[in-house]
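Spelled out, the chains give:
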Amino acid sequence: MTRWTGVATCEAIDLMRFFGPVFAEFAPEITLLRPEEVEDPAKVEFVFSFVPANDAFAPYPNLRAVFSAGAGMDAIAACPSLPDVPVFRVEDPDQAQQMAGFAAFHVIWHQRRMGDFIAAQRAHKWARRVGDQSPTLKRIGVMGYGPMGRAIAKGLSALGYTVTTLSRSQPDPATPGISHMTNDNIDAFLAQADILINVLPLTSETAGLLSAPLFAKLPKGAALIHLGRGAHLNEADLIAALDSKHLAGASLDVFDTEPLPKDSPLWDHPGIFITPHVASTPQFRAVVENVQKGMAALDA
């Protein structure tokens, strides 16, 4: 049996706490260590991370690969010590389905103003409201058409919503029942997005994209569901758009600083629904299998 040695390191999460037992049970051919447990850095073949420190990769001269612990790998790609080796992210269809269900919940939350019912319940009021339940009444815009965006768009289309996606190029083949626009038509895309869902990757072009100029192009009363990366969002601009009533509400699952600081004004804003980066999480077994497959492919 081929054996591989790797290091688990992440500034935000103790990866060994969650993944160490899973690697030990299902991947006995892999020795996974904390950085302080490494006796000979030259024997380390891969690094397993999600948010690496700036010097995370520097101690290991013979790295063959880097594996992300999740679907995103922008923090790894931006790490200054990253060597010229393949970077693998988790490919887990179940994670895309989790994301689709999470997005659908928040679309229904905003479209049917479920927060009003919670407030009415607390006040012991029978606040029945009719006439706004149909999914045909809201147009959904999905920014990003990777695995997550596709799953979200298909799920919402199946629920009866009118869905338009935005990506750099037209998907080939097109997805039945879903409209597609490219980035050069972003203004037209935004103008018809009553509920905007962001699942874009973080790049130099998309950083800070969710800001005042973009919000101004959405229909008055639109809602934002932000599931991409924290650095996409200008938080002050979002609060201003909510306070001016141009946006009716926002669901935020990702933040530029995580955990979200206790003094952040986002916590107490009545128009914001906060969740702690839980829209989708990979199954631990799938993550381990991803590392096994990646290392085996490098040896093939």
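Each residue is numbered by its place in its chain's sequence as written, counting from 1. Reporting in this predicted model follows two pLDDT cut-offs: at least 70 for local features of residues, and 80 or more for side-chain atom pairs to be given and counted; totals over whole chains, interfaces and linings ignore these cut-offs and use all residues. Side-chain metrics rest on all non-hydrogen atoms present in the structure, leaving aside hydrogens and water.

Only runs of H or I of at least four residues qualify as helices and only runs of E of at least two qualify as strands under DSSP, and these elements are numbered from the N terminus. Secondary structure summary: the protein chain contains 9 helices and 12 strands in total. Each radius of gyration is computed over the set of C-alpha atoms, and the globule rule expresses the reference value as 2.2 Å times the number of residues to the power 0.38. The C-alpha atoms of the protein chain give a radius of gyration of 21 Å, which matches the 19 Å a tight globule of 300 residues would have. To sort residues, take the accessible area from a 1.4 Å probe on protein chains only and compare it with the maximum for the residue type: under 20% means buried, over 50% means exposed, and anything in between is partly exposed. Taken over 300 residues, the protein chain has a buried fraction of 47%. Nonlocal contacts in the protein chain, meaning residues at least 24 apart in sequence, comprise 61% of its contacts between residues at least 6 apart. The Shrake-Rupley method, run with a 1.4 Å probe, gives the accessible areas here. Residue values count only the displayed protein chains as cover. Per element, the accessible surface of the protein chain, about 15300 Å² overall, is 54% carbon and sulfur. Two residues form a contact once any of their heavy atoms are found within 4.5 Å.

Ordered by their spatial adjacency, 5 strands build an open sheet running S2-S1-S3-S4-S5, and the pairing between neighbours is parallel. The two strands at the open ends of the sheet, each matched to only one other strand, are strand S2 (30-33) and strand S5 (87-88). By this definition, two strands are paired if DSSP reports at least two bridges between them. In terms of strand pairing, strand S3 (residues 46-49) meets strand S4 (residues 65-68) through 4 bridges, oriented parallel. By the bridge assignment for S4, valine 47 is matched with valine 66.

Next up on the list: the pattern of salt bridges. In what follows, salt bridge is the name for a side-chain nitrogen of Lys or Arg lying within 4 Å of a carboxyl oxygen of Asp or Glu. Considering all chains together, one arrives at 11 salt bridges under this definition. Arginine 129 serves as the salt-bridge partner of aspartate 132, at 2.7 Å between the closest nitrogen and oxygen. With a shortest N-O distance of 3.4 Å, glutamate 289 and arginine 285 are connected by a salt bridge. Of this pair, glutamate 289 and arginine 285 both sit in helix H9 (residues 284-299), 4 residues apart, which is roughly one turn of that helix. The class for arginine 285 is partly exposed, based on a relative accessible area of 40%. Here the residues in one salt-bridge network are Arg113, Asp116, Arg129 and Asp132, joined through shared partners.

A separate point is a nonpolar patch on the surface. A patch is a set of surface residues, each over 30% in relative accessible area and not in a salt bridge, joined within 9 Å for like charges and within 5 Å for the nonpolar side chains Val, Leu, Ile, Met, Phe, Trp and Tyr. Among the surface-exposed residues, Ile108, Met114, Phe117 and Leu159 lie close enough to one another that they form a single nonpolar patch of about 290 Å² accessible area. Secondary-structure assignment places leucine 159 in the loop between helix H5 (147-158) and strand S7 (162-167). Residue class for leucine 159 comes out partly exposed when judged on its relative accessible area of 43%.

Running from N to C, helix H3 (residues 93-111) and H5 cross one another at 50°; their axes reach a closest spacing of 8 Å. When the interaxial angle is binned, H3 and H5 end up oblique. Pair H3 / H5 crosses with right-handed handedness. Two secondary-structure elements touch here, H3 through Gln95, Ala96, Gln97, Met99, Ala100, Ala103, Ala104 and Val107 and H5 through Pro147, Met148, Ala151, Ile152 and Leu156. For the contact of H3 with H5, the per-class residue count stands at 11 nonpolar, 2 polar and no charged. Orientation is described by axes fitted as lines to C-alpha atoms, over the contacting stretch for helices, and by angles from 0 to 180 degrees between their N-to-C directions. Angles below 35 degrees are treated as roughly parallel, those above 145 as roughly antiparallel, those between 65 and 115 as roughly perpendicular, and all remaining angles as oblique. Should the near helix be turned anticlockwise from the far one by less than a right angle, the crossing is termed left-handed; should it be turned clockwise, right-handed. Each residue receives one of three labels: charged for Asp, Glu, Lys and Arg, nonpolar for Ala, Val, Leu, Ile, Met, Phe, Trp, Tyr, Cys and Pro, and polar for the others, Gly being one of them.

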